[in-house]
Amino acid sequence: MSSENLPQSPAQEPRKPRVAVVFGGRSSEHAISVVTAGAVLRAIDREKYDVLPIGITTDGRWALTADEPDRMAIADRTLPSVENLAESTEGGVVLSVDPSVREVLYSEPGSVPKALGEVDVVFPMLHGPYGEDGTLQGLLELSGVPYVGSGVLASAVGQDKEYMKRVFISFGLPVGPYEVIRPREWENDPSAARKKIVDFAGEHGWPLFIKPARGGSSMGITKVSDLSGLDEAIEEAQRHDPKILVESLLRGREIECGVLEFEDGPRASVPAEIPPVTSHDFYDFEAKYIDSAAGLVPAPLTEEQTAEVRRLAVEAFDAASCEGLVRADFFLLDSGEFVINEINTMPGFTPISMYPRMWQETGVSYPELVDRLIQAALRRPTGLR
């Protein structure tokens, strides 16, 4: 009998790539991570990908959560949390650190662990320490699971504003004046540390911005106009990070630019401008996420200025060895010079976030943006590259 006459098995459809969206976390940006993940969950093409939402609680437990983006938004000025989304108060999700095993397990006390299936790529929607800073990226490298965004080094550099600035300076990128107060300095001799800041103000002038060196979402930042508010500002910054960054006021316009990894390399979006926020002293957390301060997209710049900021954004992306995506924040000084303030290796994806808005204006829709990031992660191997 010829093989043509043998009964044929039905052809199996190829399995859709499985995306684990990981969000929440132990940092003070927990709620913003939840909001961001909700927007991404809405945008992922369910015809193309299977999705597994995994939330990390504020105490570090990996929880299986409901796939309900509507419960992940800010409602009536109330911030969401993984604790409110978790399907169990005790169960935990476990990711294997064996690169040959990509299966995710779910276990509860007194029960046999349950297999949740393999994960092909992780979309880490975490902001701040314990997620955006290279720690989660290191775990995923050990596990051999591809992930969206930058690797360990770039994530760590992007989180620590001191070393970010040091890298930029080494590559010749323009950076504003800053000073660093390390935990040991403040603990051992607060008078000397305070004098260091006062001397900095004497050279660059008041006001100063006192901020956590490894924070984000404008949390823990205080604008200080004189010595009287300094200690309180330091205490507020240290609630988020024991290492403090001190920056001088740069007079000019706030300009942002998105960078996205395409098949042929990184490209920059049209830039945006953050106009002065009259109801707030500066573009702080409430202005960003609660009061929905509107940015101008595209920024009203000349063609030359637009080309320059896009060039600098890609240079910053490359200087820090970034992958996937970056939002680069600049000041356009009154002198006409651009100064880079910082990069964000996992910028917000909330409905009002500037990064997706800039790419929308550039011609990349929100769903396409999410898809491009997932596809770039699937193309990229883990390990040294």
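For the structure, check the block above.
Engineer: So what exactly am I meant to see when it comes to the pattern of salt bridges here?
Structural biologist: Pairing between side chains of opposite charge can happen when their charged atoms approach one another. Scanning the model with the defined rule gives 32 salt bridges in all. Between Glu-162 and Arg-182 there is a salt bridge whose closest N-O contact spans 2.5 Å. Of this pair, Glu-162 sits in helix α5 (residues 161-170) while Arg-182 sits in the loop between β8 (178-181) and α6 (183-188), and the two are 20 residues apart along the sequence. Judged by its relative accessible area of 0%, Glu-162 is buried. The salt bridge partner of Lys-165 is Glu-247, with a shortest N-O separation of 3.0 Å. Of the two residues, Lys-165 is situated in helix α5 and Glu-247 in strand β11 (residues 244-248); the sequence distance between them amounts to 82 residues. When sorted by exposure, Lys-165 lands in the same class as Glu-247, which is buried. Through salt bridges with shared partners, a single ionic network connects Glu-141, Glu-261, Glu-323, Arg-380 and Arg-385.

Engineer: Help me out: how do you make sense of the sheet that holds strand β7 (residues 121-125) in this one?
Structural biologist: Backbone-to-backbone hydrogen bonds join strands into a sheet, with any given pair of strands oriented parallel or antiparallel. Ordered by their spatial adjacency, four strands build an open sheet running β3-β2-β1-β7, and the pairing between neighbours is mixed. Among the strands making up the open sheet, the edge pair consists of β3 (62-64) and β7. The average angle at which neighbouring strand axes cross in this sheet is 30 degrees, direction not considered. Of the strand pairs in this sheet, strand β1 (residues 18-24) and strand β2 (residues 50-56) are connected by seven bridges, and their pairing is parallel. Across the sheet, the residue bridging to Arg-18 is Asp-50, located in β2.

Engineer: Can you help me understand the sheet that holds strand β10 (residues 222-224) in this one?
Structural biologist: Pairing within the open sheet is antiparallel, and its four strands lie in the order β8-β11-β9-β10. Looking at strand neighbours, the two that pair on one side only are β8 and β10, the edges of this open sheet. Adjacent strand axes in the sheet meet at a mean angle of 25 degrees when their direction is disregarded. Pairing of β8 with β11 involves four bridges; the strand directions are antiparallel. Bridge assignment links Val-180 to a residue of β11, and that residue is Leu-245. The strands touched by helix α7 (residues 190-204) within the sheet are β8, β9 (208-212) and β11, with β8 carrying the most contacts at an inclination of about 175 degrees.

Engineer: Can you walk me through the nonpolar core in this structure?
Structural biologist: Judged by nonpolar contacts, the single largest core of 35 residues is most densely connected at Val-21, Phe-23, Ile-44, Phe-123, Met-125, Phe-349 and Ile-374. Mapped by element, the contributors of at least two residues to this core are β1, α1 (30-43), α2 (82-85), β7, β12 (252-262), α11 (354-362) and α12 (366-379). If sequence neighbours within four positions are ignored, Phe-123 has contacts with Val-19, Ala-20, Val-21, Val-22, Val-40, Val-148, Val-370, Leu-373 and Ile-374. Core analysis: the second largest hydrophobic core is formed by 28 residues, Val-157, Ala-299, Val-309 and Ala-319 among them.

Engineer: What exactly am I supposed to notice about the environment of Gly-215 here?
Structural biologist: Residue position: Gly-215 is located in the loop between β9 and β10. Taking the C-alpha atoms as reference, Gly-215 lies 12 Å from Arg-26; in sequence the two are 189 residues apart. Not counting the four nearest positions on each side in its chain, Gly-215 is found in contact with Glu-29, Gln-159 and Lys-161.

Engineer: Which parts of the structure should I look at to understand the packing of aromatic side chains?
Structural biologist: When we look at a pair of aromatic rings, we describe it by the centre distance and by the angle of the planes. Taken as a whole and assessed by the stated rule, the structure comprises five aromatic pairs. Centre to centre, the rings of Phe-262 and Trp-359 are 5.9 Å apart; their planes meet at 50 degrees, and the pair counts as tilted. Of the two residues, Phe-262 is situated in strand β12 and Trp-359 in helix α11; the sequence distance between them amounts to 97 residues. Considered together, Phe-262 and Trp-359 belong to a single accessibility category, that of buried residues. Taking the centre distance of 6.2 Å and the plane angle of 80 degrees together, the rings of Phe-330 and Phe-338 count as edge-to-face. Ring pairs connect the aromatic residues Phe-123, Phe-349, Tyr-355 and Tyr-366, which therefore count as one cluster. Here Arg-166 stacks its cationic end above the ring of Tyr-163, 5.8 Å away from the centre of that ring. The positively charged end of Arg-267 is found above the aromatic ring belonging to Phe-262, 4.0 Å away from the centroid.

Engineer: Help me out: how do you make sense of empty space enclosed by the protein in this one?
Structural biologist: Remark: the empty space left among the atoms is shown by a probe the size of a water molecule rolled over them. A complete count under the given rule lists four cavities of 30 Å³ or more for this structure. Roughly 80 Å³ of internal volume is contained in the largest cavity. When residues of the lining of the largest cavity are traced back to their parent elements, those giving at least two are α4 (152-159), α5 and β16 (338-344). With three residues, the top contributor of residues to the lining of the largest cavity is β16. A breakdown of the residues in the lining of the largest cavity according to their chemical character gives two nonpolar, five polar and four charged.

Criteria and thresholds
Residues numbered from 1 in each chain as written. Predicted model: local features only at pLDDT ≥ 70, side-chain atom pairs only at ≥ 80, totals over all residues. Heavy atoms only, no water. Salt bridge = Lys/Arg side-chain N within 4 Å of Asp/Glu carboxyl O. Helix = DSSP H or I, 4+ residues; strand = E, 2+ residues; numbered from the N terminus. Buried < 20%, exposed > 50% of the residue type's maximum accessible area, 1.4 Å probe, protein only. Pairing = 2+ DSSP bridges. Axes fitted to C-alpha atoms, helices over the stretch in contact; angles between N-to-C directions. Contact = heavy atoms within 4.5 Å. Core = buried A, V, L, I, M, F, W, Y, C linked by side-chain atoms within 4.5 Å. Phe/Tyr/Trp six-rings, centres within 6.5 Å; stacked < 30°, edge-to-face > 60°. Lys NZ or Arg CZ within 6 Å of the ring centre and 35° of its normal. 1 Å grid on protein atoms, 1.4 Å probe; cavity = no way out; pocket = protein on both sides within 12 Å on 5 of 7 lines; lining within 4 Å. Points joined across faces, edges and corners; volume = space filled by probe spheres on them. Nonpolar A, V, L, I, M, F, W, Y, C, P; charged D, E, K, R; others polar.

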